[in-house]
Amino acid sequence: MHIFYGKAPLTAYLKSIKTTNSSIGFVPTMGALHQGHLALMKKSLLENDFTVVSIFVNPTQFNNPEDLAKYPRTLDADVEKMTALNPEIILYAPTVDDIYEGETVSKSFDFDGLENQMEGKFRPGHFNGVGTIVKRLFEIVEPTNAYFGEKDFQQLQIVKKMVSKTNLKVNVIGCPIFREANNLAMSSRNERLSTEEREKAAIIFQTLTVAKEKFKTKSAKWVTEWVQKSFENNPLFDLEYFVIADEATLLPCSTKNKNKKYRAFIAIFVNNIRLIDTISLN
Ligand code: AMP
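Residues numbered from 1 in each chain as written. Predicted model: local features only at pLDDT ≥ 70, side-chain atom pairs only at ≥ 80, totals over all residues. Heavy atoms only, no water.

Here's the deal with the sheet that holds strand β7 (residues 237-246)
Selection rule: Any two strands with at least two DSSP bridges between them are considered paired. Every helix listed is a DSSP run of H or I at least four residues long, and every strand listed is a run of E at least two residues long, numbered separately from the N terminus. For helices, the fitted axis covers only the stretch in contact; all axes are lines through C-alpha atoms, and the angles between them, taken along N-to-C directions, range from 0 to 180 degrees.
Sheet architecture is open: three strands sit in the order β7-β8-β9, paired in antiparallel fashion. The sheet is open, and its two borders are formed by β7 and β9 (273-280), each paired with just one other strand. With direction set aside, neighbouring strand axes in the sheet form an average angle of 15°. Summarising the sheet, strand β8 (residues 262-270) and β9 pair through eight bridges and their orientation is antiparallel. Bridged to I266 within β9 is D277.

Below is the structure:
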């Protein structure tokens, strides 16, 4: 594995291997790698001459200091997983200072309102942090293609918007959600769940699946209330939001329009551990 902890040696190395026609695939992550991350890497390896993966727990996208402190950091195990997948992967695991150069603050972005819904509403400042780090990483790595999971669908739309509003030349590619055997969306945060919590968290995707079925005949309001009620008496879960939104604008669906694509989004706490998931509805 080629591992770089600083942007200067990384960019020098990339310059030395790149020719005018070579493509660079890029997979930004916060580490604690699981099969979902590895699926993104596999796609990048297939579609590009070189694949760069970043592992960086970005402090400015955490609105909750406890969540940042408890975020799993497992660099050695991550390196092992990537080496087993393909030892040619180029890893960039920078320090906070290498990225922020002494000023760990985010820039302010306008994503045409995408940032004001769901994750943006409940995690103030989150998408300014995401915009700041993704833009910085794109400037350093200069990828041809960048791979993002649909699990963070709002983030994917925001990164696409950022690229369309700047002159960054990168194709942003969305990848399907990788799930555990019980259909719980894979997440680094799942590591913090007990075995029982992890099993019971299967209800999140089960609920989304039933919501999808119900949305065929019922309104968004009806389905939303049904989901809220179904978690109301469940002591293990604390529903933060369930929203049915237009995929393009992320605005909540009030009246159904058959020409629009809708998606359900959920954020839910299981014993203080925040999990998100999403499903396409039509
Ligand atoms: P993270 O390390 O959680 O910031 O995620 C890094 C990238 O992996 C993001 O683009 C995520 O959307 C993506 N990702 C995380 N979990 C999954 C999953 N279960 N399936 C597919 N992609 C995922």
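Some details on the sheet that holds strand β2 (residues 24-29)
The line we're drawing: In this description, contact between two residues means that some pair of their heavy atoms is separated by no more than 4.5 Å.
On the basis of which strands lie adjacent, the open sheet formed by six strands has the order β1-β4-β3-β2-β5-β6 and parallel pairing. Edge positions in the sheet fall to β1 (2-4) and β6 (171-175), since each has one partner strand and no second. Averaged over neighbouring strand pairs, the angle between their axes works out to 25° when direction is ignored. Two elements, β2 and strand β5 (residues 145-149), share two bridges in a ladder whose sense is parallel. Residue pairing in the sheet places F26 in a bridge with A146 of β5. Sheet strands touched by helix α2 (residues 35-47): β2, β3 (50-55), β5 and β6. Its angle to β5, the strand with the most contacts, is close to 155°. Packed on one face of the sheet, helix α7 (residues 126-141) meets β2, β3, β4 (90-92) and β5 and runs near 150° to β2.

Regarding the packing of aromatic side chains
Put simply, the rule is: Think of it this way: a Phe, Tyr or Trp ring, Trp meaning its six-membered ring, pairs with another when their centres are within 6.5 Å, and the plane angle makes it stacked under 30 degrees, edge-to-face over 60, tilted otherwise. Classification of residues uses two cut-offs on accessible area relative to the type maximum, computed with a 1.4 Å probe and protein chains only: under 20% is buried, over 50% is exposed, and between them is partly exposed.
Here the structure, examined in full by the defined rule, presents 10 aromatic pairs. Taking 6.3 Å as the distance between ring centres and 70° as the angle between the ring planes, the aromatic pair formed by F26 and F138 counts as edge-to-face. Note that F26 is positioned in strand β2 and F138 in helix α7, a separation of 112 residues in sequence. Exposure remark for F138: the relative accessible area of 3% places this residue in the buried category. On the numbers, 5.8 Å between centres and 75° between planes, the contact of F215 with Y262 is edge-to-face. With F215 in helix α10 (residues 202-215) and Y262 in strand β8, this pair connects stretches of sequence that are 47 residues apart. Exposure class is identical for F215 and Y262. Each is buried.

Quick word on the site of the ligand
Using the following cut-off: Distances are taken per atom, and a residue is near a molecule or strand as soon as one of its heavy atoms is within 4 Å of it. Polar contact is defined as a pair of N or O atoms within 3.5 Å, subject to the rule that within protein one atom must be able to donate a hydrogen and the other to accept it, and that residues adjacent in sequence are counted only when both atoms are side-chain atoms. Each accessible area is a Shrake-Rupley result for a 1.4 Å probe, and residues are judged covered by the shown protein chains and nothing else. Buriedness of a pocket was judged along seven lines, with at least five required to meet protein on both sides within 12 Å; pockets are open sets of points on a 1 Å grid over the protein atoms alone, cavities are sets where a 1.4 Å probe fits but cannot get out, and lining residues have an atom within 4 Å of a point. In this description, a molecule resides in a pocket or cavity if more than half of its atoms sit within 2 Å of the grid points defining it. All amino acids are sorted into three groups, where Ala, Val, Leu, Ile, Met, Phe, Trp, Tyr, Cys and Pro are nonpolar, Asp, Glu, Lys and Arg are charged, and the leftover types, Gly among them, are polar.
The local shell around the ligand holds 17 residues, among which M30, G149, D152, F178 and M186 are the closest. Between the ligand and G149, the relevant distance is 2.9 Å, taken from an oxygen atom to a main-chain nitrogen or oxygen of the residue. F178 places a main-chain nitrogen or oxygen 2.8 Å from a nitrogen atom of the ligand. Starting from 480 Å² of accessible surface for the ligand in isolation, the protein chains cover 94%. Judged by the proximity of its atoms to the pocket grid, the ligand belongs to the largest cavity. Secondary-structure elements contributing two or more residues to the shell around the ligand are β2, α2 and β5. Element by element, the count of residues in the shell around the ligand is highest for α2, at three residues. Among the residues making up the shell around the ligand, the classes are represented as nine nonpolar, six polar and two charged.

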